[in-house]
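Read off the chains here:
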Amino acid sequence: MVTLTLLVKNAIRYMAVYIFGATGDTIIEKGGHLNMGVPGIMFFGAYGGILGTLLYVNGVPADAPLNTALIIIISIIFATLFAAIGGLIYCVLTVSLKCNQNIVGLSITTFGIGLSRYLISVLPTGNLRLVEAGRQIQNLFPGYMSAGTFGEMFLSGSFFTYFAIILAVVVSVILAKTKVGLNLRAVGENPASADAAGINVNAYRYLSTIIGSAIVGIGGLVFLLDCHSGSIDPTDAVDSYGWLTLSIVILSAWHSWISILISFAIGMLNVLPIIFTDPAVTNLIRTIPYVATIVVLIVASVLGSKKLQPPAGLGQNYFREDR
Amino acid sequence: MPKMPKINFPLYAVKRIGISKRTTWLIRGGAVLVALLLAGVMSTFLTTAGTPFIDFYKGLFVGTFNHSEDIITLLCGISIYLLLAIAVAPAFRMKFWNIGGEGQAMAGAIVTAIILLKMPSTMPDTLVIIMALIGGVLAGIIWAVIPAIFKVKCRTNETLFTLMMNYIATFLAAFVIAFVNTSHPESFPEIDPNRTIIKIFGIKYIPIVIAAVVLTFLLYFYLKKTKHGYELSVIGNSTNTARYIGMKSSWIAIRTMIMSGAISGLVGFLIVCAQTATLSSGLISGRGFTAVLIAWLGHFNPAEIAIYSCLVGFLDQGSTYAASLIGANSTYFSGVIIGLVMLVVVTAEFFINYQVKVRDKKIIEPKKKKEAQ
């Protein structure tokens, strides 16, 4: 039982990374962009968030306490800003300059990983205040222990965990129930029809990708600040989490509320090494999300079920004169 | 007809028709120069010491051409990019988006490493190396054919499928390393040097370079001069045409992916057997993805791919050295430079395919009508 509690507690911590990533990516993909730049953009966000937090903790006098709310707000602003720049580059190249989406995405990933790793490597290491900030935001409800096992399992998360869940649900509702969501889905499914119906395809694609990227960036921030308690290291594989979010989007069939459950399951897999200390087994466990994604891809294509399929216009640029 | 939204942006893009080869290469050359200039600017930004701008460029060349060893390392680096890029190019020609070169090479490397390490020492080394070669190539083929079969039979999205296969291969490598070497699960044991092909040629990297040159020529011939290559182009341009003239596009897809997998698997074999003599999960380290970019920039044509491979290989090694010269952290510096150059060069393709025009305020519709008559 103790192990289970520990597993769930850790899964709750890691799951925010995946939810932010998957929610942001769902928005991007619903607009018709297969954004392979997500790993790079997540890294951008991670760096931006850490930079923001550093600026804040350096601005506070050494003996003064840190303000949890300010840490969260400043780090989110910086993370979204940096990640949105990545999304903007992607949009300029794919929407305005009509370059191949896969190629632009992979370039951004190469560039983003390289640049962020480099910039993180030149940040001063072992900043104790940063670690303090990371520790400080880790529990939204400090009294979670008093709620017994349930509290320890589900109320031990940080602000980011619960924010991610709320955001995923809200995004799900917006995509499914509102006019903006309907328009966005139309742009992703069939941009030519959407254009004919008077929807500004380019504007929708720009906005959805930039907003989605910003959300993905928060995922990167959560990974470094919350899951790693602010102890930064350029070898941190933020990008591998970015690739995982691409598969979570597929597993959730492009519904961000389903991605909450899948993120939780993958968060569990992430912390299974607590039980299986054998590194061989650990590495085998790590392949599970990818294998599961492949299985879902195959099942979806065999069934031919439209509900499980990606948006029909995914990965294709829209140029009005091509019609 | 519904009214189109009014666009006031002063510039717009028109598809170019009939651009001369000279202009194309001028645009590309210009893009590379702009990219290098930006890289230089970036390098001065990234280093706080205020190093002179020119040091970056000095470092690029000193790191690659100063010693004969540097040149051989450079050739080897270029060859690996080249091999990985020509491996994916044939499938791209038929619009089969195989981005799994990374995983296919990794699968080849895993099997190669296991065979080289685990075969009994009583067996002759040459036989073991041949077995490893066959095993590595087969592993690459298997890794490539699985997505191809599902693509052909069930129309499963091959981009995402091959992407996932990459990570499975990476973690399988980590699994194999930890499984074989239980005391040090982080590192694969050193392979007996007699079982590598380093010794045959005396110099470490030569087999990789030879393989790259030979395969590039073969593939150029295959794509340009054979019926198989022609079929790929037809399918890539129009699946309906291909079906109309009776091409079996499903078999062609599988056949092409077998070839892709075989070359990628060979890269895995070569890296283990002629370069590192060990296995690590970061063996390919993203070069499979960079190779996809190279293949796309080279229009899936082995000759152009070779040019871009030279550029990327040069930048990779040169910028790593330049980083040490200008006091930057050299581990991550080449990634920044390659990514930046790639982004700029990708942008240049827009100016080749499209023309930017200034929006004319005068309406030219009456003229058009006259032309139509």
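Refer to the structure above for everything that follows.
Cut-offs used in this document
- Residues numbered from 1 in each chain as written.
- Chains lettered and ligands numbered in written order.
- Predicted model: local features only at pLDDT ≥ 70, side-chain atom pairs only at ≥ 80, totals over all residues.
- Heavy atoms only, no water.
- Helix = DSSP H or I, 4+ residues; strand = E, 2+ residues; numbered from the N terminus.
- Buried < 20%, exposed > 50% of the residue type's maximum accessible area, 1.4 Å probe, protein only.
- Contact = heavy atoms within 4.5 Å.
- Axes fitted to C-alpha atoms, helices over the stretch in contact; angles between N-to-C directions.
- Nonpolar A, V, L, I, M, F, W, Y, C, P; charged D, E, K, R; others polar.
- Disulfide = S-S within 2.5 Å.
- Buried area = accessible area lost by both parts, 1.4 Å probe.
- Expected span 1.5 Å × (residues − 1).
- Salt bridge = Lys/Arg side-chain N within 4 Å of Asp/Glu carboxyl O.
- 1 Å grid on protein atoms, 1.4 Å probe; cavity = no way out; pocket = protein on both sides within 12 Å on 5 of 7 lines; lining within 4 Å.
- Points joined across faces, edges and corners; volume = space filled by probe spheres on them.
- Parallel < 35°, antiparallel > 145°, perpendicular 65-115°, else oblique.
- Left-handed = near helix turned anticlockwise from the far one by under 90°.
- Core = buried A, V, L, I, M, F, W, Y, C linked by side-chain atoms within 4.5 Å.
- Bend = angle between axes of the 7 residues up to and from the residue.

**Student:** Would you take a moment to explain the overall build of chain B for this structure?
**Tutor:** Scanning chain B from terminus to terminus reveals 15 helices and two strands. Structurally, chain B occupies a C-alpha span of about 85 × 65 × 35 Å along its principal axes. Sorting the 373 residues of chain B into buried and exposed places 54% on the buried side. Long-range contacts, defined here as pairs at least 24 residues apart, represent 77% of the contacts in chain B between residues at least 6 apart.

**Student:** Would you take a moment to explain the packing of helix α8 (residues 206-225) of chain B against helix α9 (residues 227-237) of chain B for this structure?
**Tutor:** To describe two helices that pack against each other, one gives the angle between their axes and the distance between the axes. Residues and elements named next belong to chain B. It is the contact of α8 with α9, at a shortest axis distance of 5 Å, that shows an interaxial angle of 65 degrees. Residues Y222, L223 and K225 of α8 touch α9, and the partners they reach there are K227, H228, G229, Y230 and L232. Its residues assigned to classes, the contact of α8 with α9 comprises four nonpolar, two polar and two charged.

**Student:** Looking at this model, I keep getting lost on the state of the cysteines. Mind explaining?
**Tutor:** By definition, a disulfide links the sulfur atoms of two cysteine residues through a covalent bond. All told, the structure shown has zero disulfides over all chains when counted by the stated rule. With no disulfide of its own, C91(A) lies closest to C99(A) among cysteine sulfurs, the gap being 12 Å. Looking at C76(B), it has no disulfide partner, and the nearest cysteine sulfur is the one in C273(B), 13 Å off.

**Student:** Looking at this model, I keep getting lost on the interface of chain A and chain B. Mind explaining?
**Tutor:** One frequently used descriptor of interface size is the decrease in accessible area upon assembly of the parts. On the chain B side, the residues contacting the 50 residues of chain A number 50 residues. When residues of chain A are sorted by the area they lose upon contact with chain B, I103(A), F111(A) and Y118(A) head the list and together hold 14% of the total. Every element with two or more residues in the side of chain A that touches chain B is listed here: α3 (68-96), α4 (101-122), α9 (191-196), α11 (238-251), α13 (279-286) and α14 (288-303) of chain A. Sorting elements by how many residues they give to the side of chain A that touches chain B places α4(A) first, with 14 residues. For the side of chain A that touches chain B, the class distribution of residues is 29 nonpolar, 13 polar and eight charged.

**Student:** Whenever I open this one, the side chain of S208(A) confuses me. Can you help?
**Tutor:** Residue and element names in this part refer to chain A. Of note, S208 is situated in helix α10 (residues 201-227). A relative accessible area of 6% means that S208 is categorised as buried. In contact with S208, other than residues within four places in its own chain, are I27, I28, G31 and L184.

**Student:** It is not clear to me how helix α3 (residues 68-93) of chain B should be interpreted in this structure. Could you clarify?
**Tutor:** Every α-helical turn comprises 3.6 residues, leaving residues that sit three or four positions apart pointing alike. Residues and elements named next belong to chain B. For α3, which comprises 26 residues, the first-to-last C-alpha distance of 37 Å matches the rise-based estimate of 38 Å (1.5 Å per residue) to within 8%. With 19 of its 26 residues buried, α3 lies for the most part within the structure. Directly after α3, the chain includes K95, whose backbone phi takes a positive value near 60 degrees.

**Student:** Is there a simple way to explain the pattern of salt bridges in this structure?
**Tutor:** Two side chains of opposite charge can pair, provided their charged atoms sit close to one another. Evaluated as defined, the whole model comprises seven salt bridges over all chains. In this structure, the salt-bridge partner of R13(A) is D226(A), at a minimum N-O distance of 3.8 Å. One end of the pair, R13(A), is in helix α1 (residues 2-30); the other, D226(A), is in helix α10, with 213 residues separating them in the sequence. The exposure class of D226(A) is buried, given its relative accessible area of 0%. Between E231(B) and K227(B) there is a salt bridge, with its nearest N and O atoms 4.0 Å apart.

**Student:** Is there a simple way to think about empty space enclosed by the protein in this case?
**Tutor:** Here the idea is plain: a probe the size of a water molecule rolls over the atoms and shows the empty space left. All names here are of chain A. Going through the model one piece at a time under the given rule, you end up with one cavity of 30 Å³ or more. Here the largest cavity is characterised by a volume of approximately 40 Å³. As for the largest cavity, its lining consists of H33, T94, V95, N202, R205, N317 and Y318. In terms of residue class, the lining of the largest cavity is made up of two nonpolar, four polar and one charged.

**Student:** Is there a simple way to explain the packing of α3(B) against helix α13 (residues 302-325) of chain B in this structure?
**Tutor:** Residues and elements named next belong to chain B. At a closest axis distance of 8 Å, the pairing of α3 and α13 adopts a crossing angle of 135 degrees. Looking at the two axes, α3 sits oblique to α13. Classified by chirality, the crossing of α13 by α3 is right-handed. Each of D70, T73, L74, I78, Y81, L82, A85, I86 and A89 in α3 lies in contact with α13, whose residues at this interface are P302, I305, A306, S309, C310, V312, G313, F314, D316 and Q317.

**Student:** Looking at this model, I keep getting lost on the nonpolar core. Mind explaining?
**Tutor:** Generally speaking, nonpolar side chains in soluble globular proteins are found buried as a group. The biggest cluster of nonpolar side chains holds 219 residues, and the ones touching the most others in it are F20(A), F160(A), L83(B), L163(B) and L279(B). The element that contributes the greatest number of residues to this core is α3(B), accounting for 15 residues. Residues contacting L83(B), with those up to four places away along its chain left out, are I208(B), A211(B), A212(B), L215(B), I263(B), V267(B) and L270(B). With six residues, the next largest nonpolar core counts A194(A), I199(A), V201(A) and Y318(A) among its residues.

**Student:** I keep staring at the environment of P279(A) and nothing clicks. Help me out?
**Tutor:** All names here are of chain A. Looking at the element boundaries, P279 is found in helix α13. Taking the relative accessible area as the measure of exposure, P279 reaches 28% and is therefore partly exposed. For the pair P279 and K177, spaced 102 residues apart in the sequence, the C-alpha separation amounts to 45 Å.

**Student:** Help me understand helix α11 (residues 249-276) of chain B, please; the structure alone is not making it clear to me.
**Tutor:** Residues and elements named next belong to chain B. An ideal rise of 1.5 Å per residue puts 40 Å on 28 residues; α11 measures up with 39 Å between its terminal C-alpha atoms. Maximal helix bending in α11 amounts to about 30 degrees, located at L270. Counting buried residues in α11 gives 22 out of 28 residues, a clear majority hidden from the surface. Following α11 by one or two positions, A277 has its phi on the positive side, about 55 degrees.

Keep in mind these numbers describe shape, not what the thing actually does.
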